[in-house]
Structure formats: structure tokens, C-alpha cells
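# Residue-level structure breakdown
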Amino acid sequence: MQEARPIDTFTSLLIKGSLRILSWIPLSALHLMAEGLGALVYLLPTGTRRITLINLARVFPDMPASQRRHLARRSIQETIKTGLELGHVWYGSLENILGRIVQVTGREYIDQARADGKGVIYAAPHLGSWEVLGMYVSTLAPITTLYKPPKIKGLNQIIAASRARAGAELVATDRHGVVRLTRALLQGGSTGILPDQQPRAAGGVFAPFFGIPAYTMTLLPKLATKTGAVVLLAYAERLPRGRGYRIVFRPADDGIDDTDLGRAATALNHSVEQCVRALPEQYQWEYKRFRKRPDDSEPGFYD
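Reading the values: the criteria
Residues numbered from 1 in each chain as written. Predicted model: local features only at pLDDT ≥ 70, side-chain atom pairs only at ≥ 80, totals over all residues. Heavy atoms only, no water. Helix = DSSP H or I, 4+ residues; strand = E, 2+ residues; numbered from the N terminus. Rg over C-alpha atoms; globule rule 2.2 N^0.38 Å. Buried < 20%, exposed > 50% of the residue type's maximum accessible area, 1.4 Å probe, protein only. Contact = heavy atoms within 4.5 Å. Areas by Shrake-Rupley, 256 points an atom, 1.4 Å probe, with all protein chains shown as cover. Lys, Arg positive; Asp, Glu negative; His and termini not counted. Charge placed at Lys NZ, Arg CZ, Asp CG, Glu CD. Expected span 1.5 Å × (residues − 1). Arc of directions from axis to C-beta. Polar contact = N/O pair within 3.5 Å; in protein donor to acceptor, adjacent residues only side chain to side chain. Pairing = 2+ DSSP bridges. Axes fitted to C-alpha atoms, helices over the stretch in contact; angles between N-to-C directions. Parallel < 35°, antiparallel > 145°, perpendicular 65-115°, else oblique. Left-handed = near helix turned anticlockwise from the far one by under 90°.

### Here's the deal with the overall build of the protein
Looking only at helices and strands, the protein features 12 helices and nine strands. Whereas a compact globule of 303 residues would reach a radius of gyration of roughly 19 Å, the protein reaches 19 Å, a difference of no more than 12%. Classification of the 303 residues of the protein by burial places 47% in the buried group. Considering only contacts within the protein whose residues lie at least 6 apart along the sequence, 76% involve residues at least 24 apart. About 14700 Å² of surface is accessible on the protein, with carbon and sulfur atoms providing 55% of the total. Taking the 38 positively charged and 27 negatively charged side chains of the protein as two groups, their mean positions are separated by 5 Å.

### Regarding the side chain of glutamate 131
In this fold, glutamate 131 is placed in helix H8 (residues 130-138). Exposure remark for glutamate 131: the relative accessible area of 12% places this residue in the buried category. Ignoring sequence-local partners within four residues, the contact set of glutamate 131 consists of Leu86, Val89 and Arg163.

### Brief notes about helix H10 (residues 175-186)
In this model, H10 (12 residues) spans 17 Å end to end at C-alpha, consistent with the 16 Å of a helix rising 1.5 Å per residue. Residues Gly177, Leu181, Thr182, Ala184 and Leu185 constitute the buried set of H10. Mapping the buried residues of H10 onto a view down its axis gives an arc of 160°, with all of them on the same face. Opposite the buried face of H10, by more than 90 degrees, sit the exposed residues Arg175, His176 and Leu186. Lining the buried residues of H10 we find strand S2 (120-123), strand S3 (144-147), strand S4 (169-172), strand S5 (190-193) and helix H11 (219-227). You can read the cap of H10 off the contacts: a side-chain oxygen lies 3.2 Å from the backbone nitrogen of histidine 176, and it is on aspartate 174. Directly beyond the C-terminal end of H10, a positive phi value near 90° is found at glycine 188.

### So, the sheet that holds S5
If you walk across this open sheet you meet the five strands as S1-S9-S8-S2-S5, and the pairing is mixed. The open sheet has two edge strands with one neighbour each: strand S1 (101-105) and S5. Mean inter-strand twist for the sheet, computed between neighbouring axes without regard to direction, equals 25°. Relative to strand S9 (residues 245-251), S1 runs parallel, the two being bridged by four bridges. Note on S9: the bridge partner recorded for glutamine 103 is arginine 246. Packed onto the sheet, H11 meets S2, S5 and strand S8 (230-238) and runs at close to 160° relative to S2.

### Some remarks on the environment of isoleucine 15
As for its position among the elements, isoleucine 15 is in helix H1 (residues 6-22). For isoleucine 15, a relative accessible area of 29% gives the class partly exposed. Residues isoleucine 15 and alanine 264, 249 residues apart in the sequence, show an inter-C-alpha distance of 39 Å. Not counting residues within four places of it along the chain, the set of residues in contact with isoleucine 15 comprises Ile152 and Leu155.

### Brief notes about the packing of helix H2 (residues 27-43) against helix H4 (residues 65-84)
The contact between H2 and H4 brings their axes to 8 Å, and the two run at 130°. Taken together, H2 and H4 sit at an angle that is classed as oblique. For the pair H2 and H4, the sense of crossing is right-handed. For the pair formed by H2 and H4, the contact residues are Leu30, His31, Met33, Ala34, Glu35, Leu37, Gly38, Ala39, Val41 and Tyr42 on the first element and Arg69, Ala72, Arg73, Ile76, Gln77, Ile80, Lys81 and Leu84 on the second.

### Quick look at the environment of alanine 201
With respect to the helices, strands and loops of the structure, alanine 201 is situated in the loop between S5 and strand S6 (204-209). Taking the C-alpha atoms as reference, alanine 201 lies 21 Å from threonine 225; in sequence the two are 24 residues apart.

### Digging into the pairing of S2
The alternating pattern of S2 places Val120 and Tyr122 on one face and Ile121 and Ala123 on the opposite face, and all of these are buried. Bridge analysis of S2 against S5 gives four bridges, and the strand direction is parallel. The residue bridging valine 120 from the neighbouring strand is serine 190, located in S5. Where S2 meets S8, four bridges bridge the pair, whose relative direction is parallel. Residue pairing in the sheet places tyrosine 122 in a bridge with leucine 232 of S8.

Nothing here speaks to function; it is all geometry.
This is the structure we're talking about:
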């Protein structure tokens with residue numbers, strides 16, 4: 001096993017120490033801090049600001065420029081809130097985290113799937129607080145999730161322990177992990193997948209996302225087709241002023257389990273798009289979702 005480099009050890013200690021301190025600060029105060037930091041990041045000529053504005057200009061071309069700028073600032077602020085909240089998620093008690101969930105919408109879809117003996121695939125976009133969402137769904141039924149250790153090795157233990165303490169089983173992001181995941185779904189278990197990450201070269205197809213071709217994962221549709229699991233879009237909306245979270249579940253579009261992967265990916269992206277339109281300011285627009293293009297000869301999307 002490769003030993004951690006000194007710089008990685010220092011970085012992990014710094015991050016863990018900072019998050020430990022942040023875990024002692026009330027959530028409402030953290031959110032206020034994030035709003036100030038986010039406003040500053042937006043004002044500066046940062047890469048974060050540039051990527052966010054490019055995404056919003058292409059996705060919402062008819063939106064007034066002033067409204068896009070406002071949305072960009074809000075998105076950056078919410079993304080920083082996601083980071084600052086990690087202290088509470090990683091170091092806070094499970095009871096404290098779950099206690100901040102003040103409303104759950106769509107729980108009946110999960111109950112119906114379980115009554116029918118079907119597995120559940122939670123398609124959780126980078127929207128709101130996906131770490132809080134992961135904690136919540138881990139308490140509902142056995143859940144198996146793919147897990148890739150972070151680049152900073154010193155953070156692996158705390159992240160894995162945090163995600164597993166509510167009962168989740170973490171499996172490697174390889175063929176053996178997918179086999180275990182498939183078996184769990186066939187047995188009526190559940191899993192959570194971030195559906196808006198750009199997959200590896202052989203793991204996706206292009207499908208429209210807000211009308212723009214986006215390289216989209218095929219793993220989720222394949223799992224749905226093979227296991228008959230119910231696919232639910234899910235996100236944890238962050239309420240203002242640290243008032244907690246609202247968990248939302250909604251059925252995916254018809255066709256998400258289509259054997260034609262192009263049609264399935266289109267259904268998946270449209271399902272994600274509906275969630276994002278419901279809460280656009282809490283979507284991670286800072287991510288280079290459209291980095292890979294159908295034609296390698298066309299100009300880079302973010303150039």
C-alpha cells in the first residue's frame with residue numbers, strides 16, 4: 001500500500017481540524033459565513049465564477065443577464081454551504097443530523113416499492129445537501145453504494161465511517177462492486193447514485209440536458225433494467241437561515257429503464273432537469289458538466 005505523502009497528511013489534518021471547528025458553529029452562522037464568502041468568490045475573477053456563468057448562459061439563454069448573475073452568486077453561496085456543512089455531517093451525531101430534517105415529500109414511493117418487493121435506486125443530483133440525503137436514506141432500508149476513496153488518503157477513514165454509520169454498505173467502484181450492488185437491488189435493497197457526473201469514456205452516451213448534449217452515465221439505466229428497481233430522483237433542499245432540510249423524492253421519467261441506452265439517458269437527464277428547475281440556486285453549476293463533447297474537433301465548451 002502506497003504511503004500518504006507528507007503534504008497529503010498535512011492537508012488532511014488541516015481539513016479535518018477545520019471541519020471539527022466548523023462542527024461547533026451553529027448551522028445558521030455557517031450559512032451566513034457561506035453567503036459572505038460566496039459573494040466574495042463571485043466578485044473575484046475566479047474559475048468558479050467563470051464556469052458557473054458559462055453554464056448558466058448556455059442552459060438559460062433567454063434568462064435576463066442580471067437574473068443569471070444573481071443565480072450564479074446564489075449557486076456559489078450554496079455550494080460553499082455544502083462544504084462548510086461537512087463538519088456537522090462528519091462529526092455531528094446521526095441523531096442531530098436527522099433531527100434537522102423537517103419535512104419529507106414523496107416517502108410513499110419508497111414504501112410502495114418496498115411493499116412490492118422491489119429495490120430502489122436513488123438518483124441524487126448535485127443539488128442541495130446530498131450528504132444529508134445519503135444519511136437519511138441509509139436509515140430507511142439496507143443500502144449499498146459505490147465508493148471511491150478520496151485523493152487525499154487521510155480523509156478516507158472519516159468519510160467512509162460517516163457514510164457507513166447509518167447502515168450503508170460501501171463497495172468499490174469496480175466490476176465486483178457493481179455485481180454486489182446488482183445483487184442487493186435484486187434482493188430488494190437500495191442504492192444511491194449521483195446521476196449528473198460525467199462517466200468514464202466507456203460508461204456513457206450523449207443525451208440532452210437542458211437541450212445541450214451531455215455525456216451521461218449508462219450504469220443507472222442498466223441497473224434499473226437488470227433489476228427492475230424503482231428509480232426515484234432525490235434531493236435534500238437546504239432551508240434558509242439554518243432551519244434544516246426538506247427531503248424530496250419524485251419518480252423518474254418513464255423510459256429510464258429502456259434497453260435503448262440513448263432513450264434511457266434522455267429520460268434520466270430530463271428527470272434531473274426537473275429537479276434542478278425546482279431548485280436552480282442549489283445546483284452545483286460550478287461543475288464542468290459539458291466538458292466532453294460529441295465532436296472532439298469542436299471548440300472546448302469552457303474555453
